[in-house]
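Architecture at a glance
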Amino acid sequence: MLSTEYKTKLFTDLYSGNKPDQVPEKVGVNACAALELAGYDLRFAQYGITKVLDATEQINAKYDTFNLIGTWPGTPWLNKFTGSRTNVMGDDGFIQHPNVHGMEADEYDLLLADPLKFIWETVIPRVFTEFDKPPMKAALAMAKTIKASDHVNGKIAQGNMALIKKYNKSAFPTFVGISRAPFDYLADYLRSFTGALVDVRRKPKEVLEAVSMLTPLMIKSGCPRHVENPNRLTRIFFALHMPTFMSEKFFVKFWWPSFKETVWAIYDKGFGINIFCEENWMHLLDYLNELPPGCELQFEYGDPKIIREKVGDKHIISGLFPVSLMKNGTKQEVCDKAKEYLDMLAVDGKYIFNFDKSILTAGQINWDLFQPLLDTVHEYGKN
């Protein structure tokens, strides 16, 4: 079994611009999958700490991954304390994200007059209903939210660190912060997916002004103050939501400029950048070369050869391996496909093996294929 120090060095070498001794892997396995594998009911287990850590321990004791898997479940307790309308538990125990909005189409003037004031005083109480109560009740909801978050997250983080040591995992890479593309923030938290797409046609001037006003906030959120001396190993994460649902004309006008500005500003502060390019980015690949070098680009769909040719010289490629094959494929097919992806993408060391999407449920894959896949990547991925 590889040492924790060796596994960690693979990532630090990669993010530092050096070719690692072998291809690192950080396969995505959601905590819900781990809980289901351990026999727990998601509708109840996610409310506590003990069952979550037990499920995390069980899956990591069984599978030899480079990083801890099956961590950080949904936070239904937080959603209840805040009265969240954006994160709601479904009947199966999974957290769903309804297409809700906290800002009306005729309120752009209020947003533009003072974005922080409008978000704090108007949007948050609409989206988190417990903060729309009388002042004392809203303050109590805020206090419970902060206290519970500190307690639960602290206990889970402490438990995860113990499991990292116990099962010889790498604690790196972890994100030191999360930011968002300004247009995605407008869509996700203010106008909703559908509302934002309507607004680019009906209120283009207001949308451009709003995205411009939100950009400094996204830059600030991507430069966490607790990181005193940022470097390329202190990574900031972006998940990109809206581009593949927009025409390229609207993407270029409304989405790309503010995102590019945000990424460059955070990079210029010293941070490294990790980006999850959701859905299919094949028609937008060339734009990614306008971003600073060394971004980790995790792709969900696309042609790996073309992706490698277009962005692989400047950036680190991750994702793409079809997790669906882990359900329907044979052991031979899975291992051969892993070798195929390694041959295509691990040409000069700028590659991290990962699935195209995280394993969300226990029944999503055949778990008898999981360790053989890892063994193949670990052995065949040696440089």
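Look up: the structure comes first, before these words.
Residues numbered from 1 in each chain as written. Predicted model: local features only at pLDDT ≥ 70, side-chain atom pairs only at ≥ 80, totals over all residues. Heavy atoms only, no water.

Examined against the element boundaries, E5 turns out to sit in helix 1 (residues 4–15). Once the C-alpha coordinates of E5 and E25 are considered, the two residues, 20 residues apart in sequence, prove to be 15 Å apart. (Helix = DSSP H or I, 4+ residues; strand = E, 2+ residues; numbered from the N terminus.)

Let us now look at the packing of aromatic side chains. Applying the stated rule across the entire model yields 25 aromatic pairs. Here F251 and Y287 contribute two aromatic rings whose centre-to-centre distance is 5.2 Å and whose plane-to-plane angle is 70 degrees, an arrangement assigned as edge-to-face. Within this pair, whereas F251 is found in helix 12 (residues 248–268), its partner Y287 is found in helix 13 (residues 285–288), the two being separated by 36 residues in sequence. What makes F251 buried here is its relative accessible area of 0%. Relative to Y341, the ring of F321 lies with its centre 5.7 Å away and its plane at 70 degrees, an arrangement referred to as edge-to-face. You can see F321 sitting in strand 7 (residues 316–321) and its partner Y341 sitting in helix 16 (residues 331–345), a full 20 residues away along the chain. Each member of the pair, F321 together with Y341, is buried. (Phe/Tyr/Trp six-rings, centres within 6.5 Å; stacked < 30°, edge-to-face > 60°. Buried < 20%, exposed > 50% of the residue type's maximum accessible area, 1.4 Å probe, protein only.)

Moving on: the nonpolar core. Burial of nonpolar side chains together is a common tendency in soluble globular proteins. Counting residues in hydrophobic clusters, the biggest one holds 102 residues, and the most contacted among them are F183, W255, F259, L288, F299, F321 and F370. If one sorts the elements of this core by residue count, helix 12 sits on top with nine residues. L10, F66, F172 and I352 belong to the second largest nonpolar core, which has eight residues in total. (Core = buried A, V, L, I, M, F, W, Y, C linked by side-chain atoms within 4.5 Å.)

Below, the discussion takes up helix 9 (residues 182–191). Burial analysis of helix 9 places eight of its 10 residues in the buried class, which makes it a mostly covered element. Within the span of helix 9, buried status applies to P182, F183, D184, Y185, L186, A187, L190 and R191. Residues of helix 9 that are buried sit in contact with helix 6 (108–113), helix 7 (115–127), helix 10 (193–202), helix 11 (204–221), strand 4 (235–240) and helix 12. Note on helix 9: the residue one or two positions beyond its end, S192, has a positive phi of about 80 degrees. (Contact = heavy atoms within 4.5 Å.)

If you trace the six strands from one edge of the open sheet to the other, you get 3-4-5-6-7-8, paired in parallel fashion. Single-partner strands in this sheet number two, and they are strand 3 (175–178) and strand 8 (351–355). For this sheet, the mean angle separating the axes of adjacent strands, direction not counted, is 25 degrees. Relative to strand 4, strand 3 runs parallel, the two sharing three bridges. Pairing of G177 across the sheet is with I236, part of strand 4. In this fold helix 1 packs onto strand 4, strand 5 (272–280), strand 6 (296–301), strand 7 and strand 8, with an angle of close to 120 degrees to the strand it touches most, strand 8. Of the strands in this sheet, strand 7 and strand 8 touch helix 16, which is tilted by about 155 degrees from strand 7. (Pairing = 2+ DSSP bridges. Axes fitted to C-alpha atoms, helices over the stretch in contact; angles between N-to-C directions.)

So, about the packing of helix 9 against helix 12. Relative to each other, helix 9 and helix 12 sit at 115 degrees, their axes nearing to 7 Å. Contact residues: helix 9 offers P182, F183 and D184, while helix 12 offers F254, W255, S258, F259 and T262. Looking at the contact of helix 9 with helix 12, its residues break down into five nonpolar, two polar and one charged. (Nonpolar A, V, L, I, M, F, W, Y, C, P; charged D, E, K, R; others polar.)

This part takes up empty space enclosed by the protein. Empty space among the atoms becomes visible once a probe the size of a water molecule is rolled across them. Counted under the stated rule, the structure contains two cavities of 30 Å³ or more. By volume, the second largest cavity is sized at about 30 Å³. Y6, K9, L10, D13 and D21 are the residues that line the second largest cavity. (1 Å grid on protein atoms, 1.4 Å probe; cavity = no way out; pocket = protein on both sides within 12 Å on 5 of 7 lines; lining within 4 Å. Points joined across faces, edges and corners; volume = space filled by probe spheres on them.)

Tracing the sequence through the fold places I124 in helix 7. Separated by 56 residues in sequence, I124 and L68 place their C-alpha atoms 34 Å apart. Among residues more than four places away in sequence, those in contact with I124 are I119 and F131.

Right, let's talk about unusual backbone geometry for a bit. Phi is positive for E279, close to 65 degrees, though the residue is something other than glycine. Taking the relative accessible area as the measure of exposure, E279 reaches 33% and is therefore partly exposed. The backbone phi angle of L320 is positive, close to 80 degrees, even though this residue is not glycine. Following the sequence through the fold, L320 ends up in strand 7. You can call L320 buried: its relative accessible area is 4%.

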